[in-house]
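# Working through the structure, step by step
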Amino acid sequence: MLHLILALPLSVIGALLALGFASFQWCGLTECRWGDRVSPIAVGVLALVAGLVVASPFWLVRWTHRAPVRVAVGLILTAVVAIFGYLVVTHP
């Protein structure tokens, strides 16, 4: 369990970097104009990457002996982070 607690801050930092890059792709540096935006698919892929980065410690660290629980928690966390990250980036 201690390894999971130590790995989570690094994964959250990696996810924030991915969402920051998605936000930069969506709006750029100065302002968010409708004509300058990139495809929402690219933002969705980066939000999914952020979700996978956050969930990876739950898959890789044996915090429980039941593998289906680790997989289920990781998949739910991936979906929540990806959806929330996509909405935060595309609806500023």
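Residues numbered from 1 in each chain as written. Predicted model: local features only at pLDDT ≥ 70, side-chain atom pairs only at ≥ 80, totals over all residues. Heavy atoms only, no water.

### Here we look at the overall build of the chain
- When helices and strands are counted, the chain shows three helices and zero strands.
- Tracing the chain from N to C terminus, the helices and strands come up as α-α-α.
- If you line up the chain on its principal axes, its C-alpha atoms span 50 × 20 × 15 Å.
- Taking contacts inside the chain between residues at least 6 apart in sequence as the whole, the part at least 24 apart equals 61%. (Helix = DSSP H or I, 4+ residues; strand = E, 2+ residues; numbered from the N terminus. Contact = heavy atoms within 4.5 Å.)

### Things to note about the environment of His65
- Along the chain, the position of His65 falls in the loop between helix H2 (40-60) and helix H3 (67-90).
- Reaching out from His65, the side chain makes a polar contact with the side chain of Arg62 at a distance of 3.0 Å. (Polar contact = N/O pair within 3.5 Å; in protein donor to acceptor, adjacent residues only side chain to side chain.)

### Some thoughts on the environment of Val81
- On the secondary structure map, Val81 appears in helix H3.
- With 34 residues separating them in the primary sequence, Val81 and Ala47 have C-alpha atoms 7.3 Å apart.
- Apart from residues no more than four positions distant in its own chain, Val81 is found in contact with Ala50, Gly51 and Val54.

### Brief notes about the packing of aromatic side chains
- One pass over the structure, following the stated rule, counts one aromatic pair.
- Taking 6.0 Å as the distance between ring centres and 90° as the angle between the ring planes, the aromatic pair formed by Phe58 and Trp63 counts as edge-to-face.
- Among the residues examined, Phe58 registers a relative accessible area of 14% and is labelled buried. (Phe/Tyr/Trp six-rings, centres within 6.5 Å; stacked < 30°, edge-to-face > 60°. Buried < 20%, exposed > 50% of the residue type's maximum accessible area, 1.4 Å probe, protein only.)

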